[in-house]
Amino acid sequence: MALLSILQYPDPKLHTLARPVAAVDARIRSLIQDMLETMYDANGIGLAATQVNVHERLVVIDVSEERNEPLVLINPDIVWASEERVVNDEGCLSVPGIYDGVERSTQVKVSALDGEGVVRTIEAEGLLAVCIQHEMDHLKGKVFVEYLSPLKRNRIKSKMLKTRRALGKSDEA
Ligand code: NI
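Conventions adopted
- Residues numbered from 1 in each chain as written.
- Predicted model: local features only at pLDDT ≥ 70, side-chain atom pairs only at ≥ 80, totals over all residues.
- Heavy atoms only, no water.
- Donors = N, O, S within 2.8 Å, 3.2 Å for Na, K, Ca; no water.
- Helix = DSSP H or I, 4+ residues; strand = E, 2+ residues; numbered from the N terminus.
- Buried < 20%, exposed > 50% of the residue type's maximum accessible area, 1.4 Å probe, protein only.
- Core = buried A, V, L, I, M, F, W, Y, C linked by side-chain atoms within 4.5 Å.
- Contact = heavy atoms within 4.5 Å.
- Pairing = 2+ DSSP bridges.
- Axes fitted to C-alpha atoms, helices over the stretch in contact; angles between N-to-C directions.

### So, the coordination of the nickel ion
Turning to step 1, where the next piece is worked out: Only Cys 92 (SG), His 134 (NE2) and His 138 (NE2) from the protein reach the nickel ion as donors, at distances of 2.1 to 2.2 Å.
Turning to step 2, where the next piece is worked out: For the nickel ion, the donor residues sit on a single chain with the sequence spacing C-x41-H-x3-H. Taken together, the positions of Cys 92 in the loop between strand 4 (85–90) and strand 5 (100–105) and His 134 in helix 2 (residues 126–139) put the pair 42 residues apart, joining distant regions of the chain.
Turning to step 3, where the next piece is worked out: Overall, the relative accessible area of 10% leaves Cys 92 in the buried class.
Turning to step 4, where the next piece is worked out: Judged by its relative accessible area of 6%, His 134 is buried.

Set out below in structure tokens:
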């Protein structure tokens, strides 16, 4: 297992469209383990392969309190989404320190392969439903800040770039 580095917004690679996973083989199983380790290490509740610069349709999620209920979704497809929508504050490991409201369906039904390559249908609501929609956006190259107003998005972009420059400077010191 290994910790993977997480792309930081506004890295243009975050806007790459992921292609389907062709086979759930040893390479994918190893990627799943690394992504879970990376997500838990960063205290995240979800991580998409896009965020670790692998552009294949794979996400890992764990919204449990105990951090012991990993969910693996390979080639996920939303087969139903409720018309009822609600705004929740979201954050993202690729946009650390930023939280803002995004409107999502309150319930979704998703079909995906699990970590063993078996087809599963998951009915989700609450935080899990939000997380699934957020992670699946990553696979489409979409980061949650793109739902915000251009003004807010530009402020976040300059804040992220400033932080990165500051970190770069301290590395040199
Ligand atoms: Ni995210």
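Back to the text.
### Quick look at unusual backbone geometry
Turning to step 1, where the next piece is worked out: The peptide bond linking Tyr 9 to Pro 10 adopts the cis configuration, its omega dihedral lying at 5 degrees.
Turning to step 2, where the next piece is worked out: With respect to the helices and strands, the residue Pro 10 is situated in the segment before helix 1 (26–41).
Turning to step 3, where the next piece is worked out: You will see that Asn 43, though not glycine, has its phi angle at about 60 degrees, which is positive.
Turning to step 4, where the next piece is worked out: Along the chain, Asn 43 falls in the loop between helix 1 and strand 1 (46–48).
Turning to step 5, where the next piece is worked out: Judged by its relative accessible area of 64%, Asn 43 is exposed.
Turning to step 6, where the next piece is worked out: Even without being glycine, Arg 67 reaches a positive phi, approximately 60 degrees.
Turning to step 7, where the next piece is worked out: For Arg 67, the position within the fold is in the loop between strand 2 (58–61) and strand 3 (71–81).
Turning to step 8, where the next piece is worked out: What makes Arg 67 partly exposed here is its relative accessible area of 25%.

### Focus: the nonpolar core
Turning to step 1, where the next piece is worked out: The biggest cluster of nonpolar side chains holds 17 residues, and the ones touching the most others in it are Ile 28, Ile 32, Met 35, Leu 47, Leu 58, Val 60 and Ile 74.
Turning to step 2, where the next piece is worked out: Among the secondary structure elements, those contributing two or more residues to this core are helix 1, strand 2 and strand 3.
Turning to step 3, where the next piece is worked out: With six residues, helix 1 is the largest single contributor of residues to this core.
Turning to step 4, where the next piece is worked out: Excluding anything up to four places from it in sequence, Ile 74 contacts Val 21, Val 24, Ile 28, Ile 32, Arg 57, Leu 58, Ala 112, Leu 113, Asp 114 and Gly 115.

### A short note on the sheet that holds strand 6 (residues 107–113)
Turning to step 1, where the next piece is worked out: The antiparallel open sheet is built from five strands, whose spatial order is 1-2-3-6-7. Of all strands in the sheet, those bounded by a partner on one side alone are strand 1 and strand 7 (119–125). Between one strand and the next, the sheet's axes are offset by a mean angle of 40 degrees, whatever the strand orientation.
Turning to step 2, where the next piece is worked out: Pairing between strand 1 and strand 2: three bridges, direction antiparallel. Across the sheet, residue Ala 48 finds its bridge partner in strand 2, namely Val 59.

In short, shape yes, function no, at least from these values alone.
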